[in-house]
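Chain by chain, the residues:
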Amino acid sequence: MANFILSGGPGAGKSTLLNALRTAGYHTVDEASRVLIQEQVAQGGHCLPWVDLSCFARLALHRMVADYNQTSTQPGRPVTFFDRGIPDIIAYLRVAGLSVDAAFYQAIQQCPYQKQVFMAPPWEAIYINDSERWQTFAEATALHDALVDTYQSLGFTIVPLPLAPVADRVTFIQQTLSALFPTSSQSAGTAHTTQPFIFS
């Protein structure tokens, strides 16, 4: 099973791309942090990134590990895309100047991702704020830079996504997958496709 991460600063088009990949037939896992924020707000909780980032980071780690383990136990899904991975939490803690517990690094070892990380660069033309995205575009750009540094420091390879329509981004990812798995692409795509990584 190949577990790929889609990362990038807030508002860079990751969620839209994830939805397009899901429509194209890939297995995907939604971003844990957005769901957690919604849950905390609904419960009146204090584990919010703008209130107590350390608390929120622990919640996010627990949810991401659970999502990863649940995906790993489901057969017939040779390729999965995660909207953010555990290294994202480390990057956010580093930007905030907070300590990173050893549990985060241990979790990366226990939940191995593909070394190639698809990174959505800052894209001001599509950037908007919402109830779960409070950062300014400048802050989102700084987070992107921190994410790149963090992933590279952990041994990952950054694959920048083009600033292009979502359909072109899906094609770019499919072409990248075909290049990564030239001899095993039949088994790396979804179970129902007859052409490696090509979906109608």
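Residues numbered from 1 in each chain as written. Predicted model: local features only at pLDDT ≥ 70, side-chain atom pairs only at ≥ 80, totals over all residues. Heavy atoms only, no water.

Draft legend 1. Just helix α2 (residues 32-43), in detail. A rise of 1.5 Å per residue sets the reference length of α2, with its 12 residues, at 16 Å; its end C-alpha atoms lie 16 Å apart and thus fit the reference within 8%. Where α2 is concerned, the buried positions are Ala32, Ser33, Arg34, Leu36, Ile37 and Gln40. Along its buried surface, α2 packs onto α3 (53-72). Gly44, located one to two residues past α2, shows a positive phi value of around 70°. (Helix = DSSP H or I, 4+ residues; strand = E, 2+ residues; numbered from the N terminus. Expected span 1.5 Å × (residues − 1). Buried < 20%, exposed > 50% of the residue type's maximum accessible area, 1.4 Å probe, protein only. Contact = heavy atoms within 4.5 Å.)

Draft legend 2. Focus on the sheet that holds strand β3 (residues 79-83). Ordered in space as β2-β3-β1-β4-β5, the 5 strands form an open sheet in which the pairing is parallel. Each end of this open sheet is capped by a strand with a single partner; those strands are β2 (27-29) and β5 (157-160). Between one strand axis and the next, the sheet turns by 30° as a mean value, whatever way the strands run. Sheet topology places strand β4 (residues 116-120) next to β5; 4 bridges connect them, and they run parallel. Bridge assignment links Gln116 to a residue of β5, and that residue is Thr157. The strands that helix α7 (residues 166-180) touches are β1 (2-8), β3, β4 and β5; relative to β4, the one it contacts most, it runs at about 165°. (Pairing = 2+ DSSP bridges. Axes fitted to C-alpha atoms, helices over the stretch in contact; angles between N-to-C directions.)

Draft legend 3. View of the pairing of β3. The buried fraction of β3 amounts to 5 of the 5 residues, a majority that puts the element mostly inside the structure. Of the two faces of β3, the one holding Val79, Phe81 and Asp83 and the one holding Thr80 and Phe82 are both buried throughout. With 3 bridges connecting them, β2 and β3 associate as parallel partners. By the bridge assignment, Thr28 is partnered in β3 with Phe81.

Draft legend 4. Up close: the nonpolar core. Among the nonpolar cores identified, the biggest contains 34 residues, and Leu61, Ile86, Ile89, Phe104, Tyr113, Met119 and Tyr151 are the most heavily contacted of them. Among the secondary structure elements, those contributing two or more residues to this core are α2, α3, α4 (86-95), α5 (102-110), β4 and α6 (137-153). Top element by residues in this core is α3. It accounts for 8 residues. For Ile86, the residues in contact, after removing those within four places along its chain, are Leu61, Met64, Val65, Phe104, Ala107, Ile108, Cys111 and Tyr113. The next biggest cluster of nonpolar side chains, apart from the first, holds 19 residues, and it includes Ala2, Leu17, Leu18 and Ala24. (Core = buried A, V, L, I, M, F, W, Y, C linked by side-chain atoms within 4.5 Å.)

Draft legend 5. Structural view of the pattern of salt bridges. For the coordinates displayed, the defined rule picks out 6 salt bridges. For Glu31, the salt bridge identified is with Lys14, shortest N-O distance 3.6 Å. Pair noted here: Glu31 is in the loop between β2 and α2 and Lys14 is in helix α1 (residues 14-23), with a separation of 17 residues, a long-range link. In this structure Glu31 comes out as buried when scored by relative accessible area, which is 11%. (Salt bridge = Lys/Arg side-chain N within 4 Å of Asp/Glu carboxyl O.)

Draft legend 6. Region of interest: a nonpolar patch on the surface. The grouping of Val41, Trp50 and Val51 at the surface amounts to a nonpolar patch, some 300 Å² of accessible area in total. Looking at the element boundaries, Val41 is found in helix α2. (Patch = residues over 30% accessible without salt bridge, like charges linked within 9 Å, V, L, I, M, F, W, Y side chains within 5 Å. Areas by Shrake-Rupley, 256 points an atom, 1.4 Å probe, with all protein chains shown as cover.)

Draft legend 7. Molecular detail of the state of the cysteines. Inspection of every chain in the model, using the stated rule, returns 1 disulfide. Two residues, Cys47 and Cys55, share a disulfide whose sulfurs are 1.5 Å apart. A relative accessible area of 8% places Cys47 in the buried class. (Disulfide = S-S within 2.5 Å.)

Draft legend 8. Expanded view of the packing of aromatic side chains. Throughout the structure, instances matching the rule amount to 9 aromatic pairs. Taken together, a centroid distance of 6.3 Å and an interplanar angle of 80° make the contact between Phe4 and Phe181 edge-to-face. With Phe4 in strand β1 and Phe181 in the loop between α7 and α8 (185-188), the pair connects residues that are 177 residues apart, well separated along the chain. Each member of the pair, Phe4 together with Phe181, is buried. Both rings, one in Tyr68 and one in Phe82, keep their centres 5.7 Å apart while their planes meet at 15°; by these two values the pair is stacked. On the criterion of sequence distance, the pair formed by Tyr68 in helix α3 and Phe82 in strand β3 is long-range, its members being 14 residues apart. Neither Tyr68 nor Phe82 differs from the other in exposure class; each is buried. Every member of this aromatic cluster is reached through a ring pair, and the members are Phe4, Tyr26, Phe81, Phe118 and Phe181. Above the face of the Phe156 ring, Lys115 is positioned so that its terminal group lies 4.6 Å from the ring centre. (Phe/Tyr/Trp six-rings, centres within 6.5 Å; stacked < 30°, edge-to-face > 60°. Lys NZ or Arg CZ within 6 Å of the ring centre and 35° of its normal.)

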